[in-house]
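# Residue-level structure breakdown
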Amino acid sequence: MAKLFAVFKTIRNNWKKSVFFTAVLSYGAHFANDKYETHMFMSKCCRTVSAYGDMSLSVDKKPKKVTVILNPAANKRNAKSDFEKYCAPLLHLAGYSVTVLTTEREGGARTLVENLIGETDALIVAGGDGTLSEVVTGLLRRLKGDTSLTEHLPIGILPLGRTNNVAHRLLQPQDNNRVHFLANATMTIINEVNSAYPVVKIENLQSKNPEKCVYALNNIEWGSMREVKVARDHYWYFGKLRDFAAYVFGNSLLNYTIYAELEYSPPCSGCSNCYIKKSNESSNLFSWLSWAFSFKKNPGGIDYSKIINPDCNSYTNASIKTSNVNINLDTEQTPVLKINLGPENITYSEFIKEGYSKLRDEPSKIQNSIIEAKSITIRPQNEDEDKWLSIDNEDYEVKPMKLSLLPNAVYLFKPDNRTNQNQSQTKEDQGPRLFLDKFNKHVGMKQFV
């Protein structure tokens, strides 16, 4: 008992040192526990994936070839190490032949895909939303915008960037553990289940080369809220609070005003004007036969040639004066572009509340005008000013532009949510899906051309 009292007396007399060493030991124990759990988690994943990779292939099949477009600068240059630790081992153990192409500059992912040489069964984007947008842009430019060819080259997403909104929307992670998120994304690719996804085609109306379009999968931001996101790294000394600090000290952006002419057409769920034109592009016998026996041209057995929508391709003109424009690609039901126009003026308190809501992924606290559209044309009125906007979190110079919605433009790997699967599946088909059932329980500036 005397020794115990002596210990308490020593702690009381040296309380500063005691608090310091207690905090260090607590942090060390928490760090060691995270490392141990990550090691055990990845070990279990590797053992399960290796069982799938060891399954024999028939003589008429070859190992799958995938091409990884890796952005090493993503997420403060942590993307390469995270890919090599958490994603690459699973791909190799699953039996894939993996080719890694590393970007070396801004726009490098787009160039790599446009000039891709050799056969591949899938593209894998190892980066954030910006890298994904570049890969999709490069792919559609390579195919001359023919979305019917993208079905043969699906895209997988490894969320290694700072912003991974598309990956969150597709994969819907159950927790905030980054390792779980990366491993789950890798297993989604191995599962080989993909579905069509819409994109936004963005054309620069001043460009002399109309084929050099940009394609987005998430949103286009222009205005004060976008400027805050760009400036947040200036407040790095606030640590995890730097995003909120950017709004607190961003009062100079309250006078940011956008003047533009807006022209938009209302959304259309399908009519003769939207669907029949594509099937009549070519009149040869093969094209007619492939159209007649293609179920993808006529989903749900609906005869769109008999549906007349007088509002399709009708345009509405408006002049806007606002502090912020945010155009989101909504994919919940029928793909649609949602134009979110902020108020003309905003107070400092409203600015802080809006920033806090964005950081918490909560609905907007201020009254915004929301317009739904299928295509949009934006012509800025103050073109003499040097202003920028963000397309999937990548910076582009503000130019007159046209945004068009392409409903089924690319095919992305996504989790298989089917619960009642056919029991007559082969062992090869059951492998990755069976693993997923068990696995989910644990777990710079550019010219706009």
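Computed from a prediction, not measured in an experiment: that's the story for all the values here.

## Quick look at the overall build of the protein chain
On a plain count of helices and strands, the protein chain comes out with 14 helices and 17 strands. The 449 residues of the protein chain split such that 43% are buried. Of the accessible surface of the protein chain, which amounts to about 25500 Å², a share of 53% is contributed by carbon and sulfur atoms.

## Points about unusual backbone geometry
Its identity as a non-glycine residue notwithstanding, Asn75 has a phi of 50°, on the positive side. Secondary-structure assignment places Asn75 in helix H3 (residues 74-77). On the basis of relative accessible area, Asn75 is assigned to the partly exposed category, the value being 22%. Here the phi dihedral of Lys76 falls at roughly 60°; this positive angle occurs in a residue that is not glycine. One can find Lys76 in helix H3. Taking the relative accessible area as the measure of exposure, Lys76 reaches 57% and is therefore exposed.

## Describing the packing of aromatic side chains
Geometrically, a pair of aromatic rings is defined through the distance of the ring centres and the angle of the planes. On inspection of all chains with the given rule, the structure shows nine aromatic pairs. With centroids separated by 6.4 Å and ring planes inclined at 20°, the aromatic side chains of Tyr27 and Phe31 adopt a geometry described as stacked. Of the two residues, Tyr27 and Phe31 both sit in helix H2 (residues 15-53), four residues apart, roughly one turn of that helix. On the basis of an interplanar angle of 55° and a centroid distance of 5.7 Å, the ring pair of Tyr247 and Phe351 is categorised as tilted.

## Re the environment of Pro63
Examined against the element boundaries, Pro63 turns out to sit in the loop between H2 and strand S1 (65-70). Put simply, Pro63 and Gly53 are ten residues apart on the chain and 9.9 Å apart in space, counted from C-alpha to C-alpha.

## What to know about the side chain of Arg242
Secondary-structure assignment places Arg242 in helix H10 (residues 242-248). Despite its burial, Arg242 pairs with no opposite charge; the closest candidate is Asp233, at 4.1 Å N-O. Sequence-distant contacts of Arg242, defined by excluding residues within four places in its chain, comprise Lys76, Arg162, Arg232, Asp233, Tyr235 and Trp236.

## Considerations on the packing of H2 against helix H8 (residues 178-191)
With their axes 11 Å apart at the nearest point, H2 and H8 run at an angle of 5° to one another. Between H2 and H8, the crossing angle belongs to the class labelled roughly parallel. For the pair formed by H2 and H8, the contact residues are Thr38, Phe41, Met42, Val49 and Tyr52 on the first element and Val179, His180, Ala183, Met187 and Ile190 on the second. Broken down by class, the residue content of the contact of H2 with H8 amounts to eight nonpolar, two polar and no charged.

## Regarding the side chain of Arg232
Relative to the helices and strands, Arg232 resides in the loop between helix H9 (224-231) and H10. Accessibility expressed as a relative area gives 17% for Arg232, which makes it buried. Aside from chain neighbours lying at most four places away, what touches Arg232 is Arg162, Thr163, Arg242, Asp243 and Ala246.

## Looking at H8
Taking 1.5 Å per residue, 14 residues should reach 20 Å; H8 reaches 20 Å between its end C-alpha atoms and fits that length. Counting buried positions along H8 yields 13 of 14 residues, so the element is predominantly enclosed. Measuring from the side-chain oxygen of the N-cap residue of H8 to the backbone nitrogen of Val179 gives 2.9 Å; that N-cap residue is Asn177. Glu192 sits one or two positions beyond H8 and adopts a positive phi of about 60°.

## What about the nonpolar core?
Formed by 89 residues in total, the largest nonpolar core has its most connected members in Phe83 and Ile376. In this structure, Ala245, Leu254, Ile352 and Ile366 belong to the second largest nonpolar core, which totals twelve residues.

## A short note on the confidence of the model for the protein chain
Of the residues in the protein chain, 80% reach a pLDDT of 70 or more, and the chain-wide mean stands at 80. Across the protein chain, the element-wise mean pLDDT spans from 39 in helix H12 (residues 285-292) up to 95 in strand S4 (residues 155-159). Below pLDDT 50 for its whole length, residues 276-300 participates in 18 contacts with residues either more than four positions away or in separate chains. Within the model, the stretch residues 419-449 combines pLDDT values under 50 with 65 contacts to residues more than four positions away or in other chains.

Cut-off values and rules
- Residues numbered from 1 in each chain as written.
- Predicted model: local features only at pLDDT ≥ 70, side-chain atom pairs only at ≥ 80, totals over all residues.
- Heavy atoms only, no water.
- Helix = DSSP H or I, 4+ residues; strand = E, 2+ residues; numbered from the N terminus.
- Buried < 20%, exposed > 50% of the residue type's maximum accessible area, 1.4 Å probe, protein only.
- Areas by Shrake-Rupley, 256 points an atom, 1.4 Å probe, with all protein chains shown as cover.
- Phe/Tyr/Trp six-rings, centres within 6.5 Å; stacked < 30°, edge-to-face > 60°.
- Lys, Arg positive; Asp, Glu negative; His and termini not counted.
- Salt bridge = Lys/Arg side-chain N within 4 Å of Asp/Glu carboxyl O.
- Contact = heavy atoms within 4.5 Å.
- Axes fitted to C-alpha atoms, helices over the stretch in contact; angles between N-to-C directions.
- Parallel < 35°, antiparallel > 145°, perpendicular 65-115°, else oblique.
- Nonpolar A, V, L, I, M, F, W, Y, C, P; charged D, E, K, R; others polar.
- Expected span 1.5 Å × (residues − 1).
- Polar contact = N/O pair within 3.5 Å; in protein donor to acceptor, adjacent residues only side chain to side chain.
- Core = buried A, V, L, I, M, F, W, Y, C linked by side-chain atoms within 4.5 Å.
- pLDDT = per-residue confidence, 0-100.

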